[in-house]
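# Tertiary structure, described
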Amino acid sequence: MPLSLLVLLTRRKSHCCATVTLITQKKRGKRKKLDFDLEKFHLIPVHVDTWGFLVFVNLDQDPNPLSKQLGNLPETCKNYPLEKYDVVKSRVYKPECNWKLLCENFMEWYHLSAVHPALCDFSVPDNHENLPAGENYINFRTYPLADCGGPADTDVFNFVDGINDEEKKQLAFYHIYPNVSISLYTHSAYTLIMLPDAKDPEKSTEHLTLLMPPGIAVKVIQMKFTQRS
């Protein structure tokens, strides 16, 4: 399999780990050891790697390294300290459509005027442009952004540390094959993870997550405090 279907978000620290124990059960307030042979029924090893705030899980026994699968995407996003981003808010949606249609929807902007008219004032469709794609991802952006008095304007929050002058005027979009979409703002990031429904191909689950690096929201908090004073 070229890339894992399941991609998990994490708030990264020095390391990530998980332990699953299946040797006890609770019955009538007491715990007793299960008659369970871990040598015969052990968990299946999987390959795990990370990039930025993403954890990739690959079930293939001998997968290509994640760095090879991502190609030059980490280099393209090198000015964004993605490994420092924290989860701010997340939501789960249950669209009644195939998950691949959600992916396709992210990769085009023809629907913006009808579905997201307010966004069009900030991310003007005429300012969208396709950028060179990698083997396992597509890439496009809005440049320049048009501040319009909305909540996502570039002057509402502090800029992400490390981005250059051009990146301070752009909204970059990436879709990583097969099911992960990332929107990189000047002050935050949105991720969409689209998962199929095991029982109905016309249904899916969409995980939306907003992330920000530390200190980004300081500016808007100071503005609110000044207004109240």
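In what follows, the structure referred to is the one given above.
Throughout what follows, the structure given in this document is the object of discussion. (Residues numbered from 1 in each chain as written. Predicted model: local features only at pLDDT ≥ 70, side-chain atom pairs only at ≥ 80, totals over all residues. Heavy atoms only, no water.)

Turning to helix 3 (residues 99-106), a few remarks are in order. Residues of helix 3 that are buried include every one of Trp99, Leu102, Cys103 and Phe106, and no others. Taken down its axis, helix 3 places every buried residue within 100° of arc, on the same side. Residues of helix 3 that are buried make contact with strand 8 (137-142), strand 9 (171-176), strand 10 (180-184), strand 11 (189-196) and strand 12 (204-212). Sitting at the amino-terminal end of helix 3 is Asn98, which places a side-chain oxygen 2.9 Å from the backbone nitrogen of Lys100. (Buried < 20%, exposed > 50% of the residue type's maximum accessible area, 1.4 Å probe, protein only. Helix = DSSP H or I, 4+ residues; strand = E, 2+ residues; numbered from the N terminus. Arc of directions from axis to C-beta. Contact = heavy atoms within 4.5 Å. Polar contact = N/O pair within 3.5 Å; in protein donor to acceptor, adjacent residues only side chain to side chain.)

Once that is clear, we can look at the nonpolar core. Ranked by internal contacts, the top residues of the largest apolar core, which has 26 residues, are Trp51, Ile176 and Leu184. Taken together, the elements giving at least two residues each to this core come down to strand 5 (54-58), helix 1 (66-70), strand 9, strand 10 and strand 12. In this structure Trp51 touches Phe56, Leu66, Leu70, Leu73, Pro74, Cys77, Leu82, Ile176 and Ile182, once residues within four positions along its chain are discounted. Membership of the second largest hydrophobic core comes to 16 residues, among which are Cys97, Leu112, Phe173 and Met194. (Core = buried A, V, L, I, M, F, W, Y, C linked by side-chain atoms within 4.5 Å.)

Further remarks concern the pairing of strand 7 (residues 128-131). Direction of pairing for strand 7 relative to strand 8: antiparallel, over a ladder of 4 bridges. Paired with Glu129 across the bridge in strand 8 is Arg141. Turn length for the strand 7-strand 8 hairpin, with the two strands adjacent in sequence and antiparallel, is 5 residues. (Pairing = 2+ DSSP bridges.)

On to the pairing of strand 4 (residues 47-51), then. Along a regular strand, successive side chains alternate from one face of the sheet to the other. Where strand 4 meets strand 5, 5 bridges bridge the pair, whose relative direction is antiparallel. By the bridge assignment, Thr50 is partnered in strand 5 with Val55. Taking the residues that link successive antiparallel strands as the turn, the strand 4-strand 5 hairpin has 2 residues, and the phi of Gly52 there is positive, at about 60°.

So, about the sheet that holds strand 9. Spatially, 7 strands are ordered 6-12-11-10-9-8-7 in an open sheet, and the strand pairing comes out antiparallel. Each end of this open sheet is capped by a strand with a single partner; those strands are strand 6 (86-93) and strand 7. Averaged over all pairs of adjacent strands, the angle between their axes in this sheet comes to 15°, without regard to strand direction. Pairing of strand 11 with strand 12 involves 8 bridges; the strand directions are antiparallel. The residue bridging Leu192 from the neighbouring strand is Leu208, located in strand 12. (Axes fitted to C-alpha atoms, helices over the stretch in contact; angles between N-to-C directions.)

Turning next to a nonpolar patch on the surface. Together, Val46, Val48 and Leu59 line one region of the surface with nonpolar side chains, adding up to about 280 Å² of accessible area. Its location among the elements puts Val48 in strand 4. The class for Val48 is exposed, based on a relative accessible area of 52%. (Patch = residues over 30% accessible without salt bridge, like charges linked within 9 Å, V, L, I, M, F, W, Y side chains within 5 Å. Areas by Shrake-Rupley, 256 points an atom, 1.4 Å probe, with all protein chains shown as cover. Salt bridge = Lys/Arg side-chain N within 4 Å of Asp/Glu carboxyl O.)

Here we come to the side chain of Gln170. As for its placement among the helices and strands, Gln170 is situated in the loop between strand 8 and strand 9. Judged by its relative accessible area of 7%, Gln170 is buried. Here Arg141 takes part through its side chain, which lies 2.7 Å from a polar atom of the side chain of Gln170. Residues in contact with Gln170, not counting those within four places in the same chain, are Tyr80, Arg141, Thr142, Tyr143, Leu145, Leu184 and Thr186.

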